[in-house]
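Observations on the model geometry
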Amino acid sequence: EEHTEEPQYADTDTVRVSIVLEQPSTLERGYSTMGIANNTDAMAYRNSLKEAQAHVTADIESAISNELDVAWNLTLAANIISANVAYGQIPALEKIPGVAEVVIETRYEPDVAETDLPVDPNMGTSCEMIGSPIAWTAGYTGAGSRVAIIDTGLDTDHQSFDAAAFAYALAEDAKNSGRTYDLLDEAEIREKLAQLNISRNGGPSAQELYVNEKLPFGYNYVDHDLDITHDHDDQGEHGSHVAGISAANRYVPQGEGYVPAMESTFMVGAAPDAQLIIMKVFGKAGGAYDSDYMAAIEDAIVLGCDAVNLSLGSGAPG
């Protein structure tokens, strides 16, 4: 007897889909991520993809006799129109010229584990295990690097991410080495703002996105607002956890000055002098779809991030 699976959705159910287009994305075309925001050829190609997506969107709207509810237009790492559609409309979308395939997106939720065992995290021990002190002694503290944290957000008031303590660490280094660093600042965000996915339909200003020198960029990609904290949702504090492992400061405030974090809190990140770009994808609206975190990754590339920390609670994301 032939077995046929029951469809997971009714035709009228709304699903988030990635409408994957045939043209290669900007990176697939061969452009390097290094300094891509200042690569005029790459940005011109990316703009041509945006124009092509507008034509495909018009064809889709004609086919479904309705306005397409677009979530994101991705053109950098992927060439995708992410949209909310009725499940029954997918066959019509697949027939549109220029469309390679239509994929139902996965939605991710934080995987929270509970234990009755005592927890005593010690980054002093962890850093020793991976050889961080050797790198620090050689001058590799992450200074001048940018690490994107795509997660549940950040406890922006935590002592380990104190902006003044971060500035103090860089100033102490400058006394000995004379080095200066290319830090992400409000001016650079303003320069690149139009190239960010979050600038679609207006979006926040560079002044609103800039938090401070340690946390130069913060945006909530799931709620589409500037709340990057854990204060107003129940998605957990995993983002602060991984941000601390990545780049908790070398110094923490104490009295009117600063003391080494390893001696005071036993918590120092692997790259303590790196800046943290906070891209919240779990929030009041729940978890991230594939396109939400892809939009964040593309923006991290535009902002010149050196690394992306991405935790989706799944062994096979995307």
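Structural data are supplied above this passage.
All values derive from a computational prediction rather than experimental measurement. (Residues numbered from 1 in each chain as written. Predicted model: local features only at pLDDT ≥ 70, side-chain atom pairs only at ≥ 80, totals over all residues. Heavy atoms only, no water.)

**Re a negative patch on the surface**
The line we're drawing: Like charges within 9 Å and nonpolar side chains (Val, Leu, Ile, Met, Phe, Trp, Tyr) within 5 Å are joined into patches, using only residues over 30% in relative accessible area that form no salt bridge. Using a 1.4 Å probe, the Shrake-Rupley method yields the accessible areas, and only the shown protein chains count as cover for residues. Just to be clear on terms, a salt bridge is a Lys or Arg side-chain nitrogen sitting within 4 Å of an Asp or Glu carboxyl oxygen. A positive count includes Lys and Arg, and a negative count includes Asp and Glu. His and the chain ends are not counted in either. Throughout, a charge is located at the NZ atom of Lys, the CZ atom of Arg, the CG atom of Asp or the CD atom of Glu. Note on conventions: DSSP H or I runs of at least 4 residues are helices, E runs of at least 2 residues are strands, and numbering of each starts at the N terminus. We call a residue buried when its accessible area falls under 20% of the maximum for its residue type, exposed when it is over 50%, and partly exposed in between, using a 1.4 Å probe and counting protein chains only.
A contiguous patch of negative charge, built from Asp155, Asp157, Asp231 and Glu237, is present on the exposed surface. Within the element layout of this structure, Asp231 appears in the loop between β6 (217-220) and α8 (238-247). In this structure Asp231 comes out as exposed when scored by relative accessible area, which is 60%.

**Observations concerning the sheet that holds strand β9 (residues 275-280)**
We apply this condition: The pairing criterion for strands is at least two bridges between them, as found by DSSP. Here an axis means a line fitted to C-alpha atoms, over the contact stretch when the element is a helix, while the angle between two N-to-C directions is reported on a 0 to 180 degree scale. Contact definition: two residues touch when any of their heavy atoms are within 4.5 Å.
Pairing is parallel in the open sheet, where four strands are placed in the order β6-β9-β5-β10. Two strands in the sheet have a free side with no partner beyond their single neighbour: β6 and β10 (307-310). Sheet twist, expressed as the average angle between the axes of neighbouring strands with direction ignored, equals 15°. The pairing of strand β5 (residues 146-151) with β10 spans four bridges and is classified as parallel. Bridge pairing links Val147 to Ala307 in β10. Contacting β5, β9 and β10, helix α10 (residues 290-302) crosses the sheet at an angle of about 170° to β5.

**Section: the packing of aromatic side chains**
Condition: Side-chain rings of Phe, Tyr and Trp, where Trp is taken by its six-membered ring, are said to pair if the distance between their centres is within 6.5 Å; with planes under 30 degrees apart they count as stacked, over 60 as edge-to-face, and otherwise as tilted.
This structure, assessed with the given rule, holds seven aromatic pairs. For the pair Trp72 and Tyr221, a centre-to-centre distance of 6.0 Å together with 35° between the ring planes defines the contact as tilted. With Trp72 in strand β2 (residues 69-74) and Tyr221 in the loop between β6 and α8, this residue pair connects regions lying 149 residues apart in the sequence. By the burial criterion, Trp72 is buried, and Tyr221 matches it. When the ring of Tyr108 is compared with that of Tyr293, the centres are 5.8 Å apart and the planes differ by 65°; the resulting orientation is edge-to-face. Residue Tyr108 is found in the loop between β4 (99-104) and α3 (123-130), and its partner Tyr293 is found in helix α10; the two are separated by 185 residues along the sequence. In this structure Tyr108 comes out as buried when scored by relative accessible area, which is 5%. Aromatic rings pair up to connect Trp72, Tyr219 and Tyr221 into one cluster.

**Here's the deal with α8**
Taken across its ten residues, α8 has seven buried, putting it largely inside the fold. When we look at burial in α8, the residues that qualify are Gly239, Ser240, Val242, Ala243, Gly244, Ser246 and Ala247. The inward-facing, buried residues of α8 contact β5, β9 and β10.

**Concerning the pattern of salt bridges**
Scanning the model with the defined rule gives 15 salt bridges in all. For Asp223, the salt bridge is made with Lys284, and the minimal N-O distance between the two is 3.6 Å. Here Asp223 is found in the loop between β6 and α8, whereas its partner Lys284 is found in the loop between β9 and α10, with 61 residues between them in sequence. Using a relative accessible area of 16% as the deciding quantity, one classes Asp223 as buried. With a closest N to O distance of 3.4 Å, Lys284 and Asp227 form a salt bridge. On the criterion of sequence distance, the pair formed by Lys284 in the loop between β9 and α10 and Asp227 in the loop between β6 and α8 is long-range, its members being 57 residues apart. A relative accessible area of 44% places Lys284 in the partly exposed class. On the basis of relative accessibility, which here comes to 15%, the residue Asp227 falls in the buried class. Connected through salt bridges with shared partners, the residues Arg146, Asp182, Glu188 and Lys192 form a single ionic network.

**What about the side chain of Ser246?**
Cut-off, in case you're wondering: The definition of a polar contact used here is a pair of N or O atoms within 3.5 Å, where within protein one atom must be able to donate a hydrogen and the other to accept one, and adjacent residues in sequence count solely through side-chain atom pairs.
One can find Ser246 in helix α8. Owing to a relative accessible area of 15%, Ser246 belongs among the buried residues under this scheme. Among the polar contacts listed, one links the side chain of Ser246 to the backbone oxygen of Val242, at a separation of 2.9 Å. Setting aside anything within four residues of it in sequence, one finds Ser246 in contact with Val147, Ile149, Gly269, Ala270, Ala271 and Asn309.

**Observations concerning unusual backbone geometry**
Even without being a glycine, Ser65 presents a positive backbone phi close to 55°. Considering the arrangement of structural elements, one finds Ser65 in the loop between α1 (40-64) and β2. Note on Ser65: relative accessible area 66%, which makes it exposed. Phi is positive for Phe266, which is not a glycine, with a value near 60°. Its location among the elements puts Phe266 in the loop between α9 (261-264) and β9. Overall, Phe266 belongs to the partly exposed group, its relative accessible area being 47%.

**A word on the sheet that holds strand β3 (residues 80-86)**
With respect to topology, four strands assemble into an open sheet ordered β2-β3-β1-β4, the strand pairing being antiparallel. With one partner strand each, in any of the chains shown, β2 and β4 form the two edges of the open sheet. On average, adjacent strands in this sheet sit at an angle of 25° to one another, irrespective of strand direction. As defined by bridge partners, β2 adjoins β3 across five bridges and the pair is classed as antiparallel. By the bridge assignment, Trp72 is partnered in β3 with Ser82. Each of β1 (14-21), β2, β3 and β4 touches α1; the most contacted strand, β3, lies at about 15° to it. Here α10 sits on the sheet and contacts β1, β2 and β3; the angle it forms with β2, its principal contact strand, is near 35°.

Honestly, that's just the spatial picture; any functional story needs more than this.
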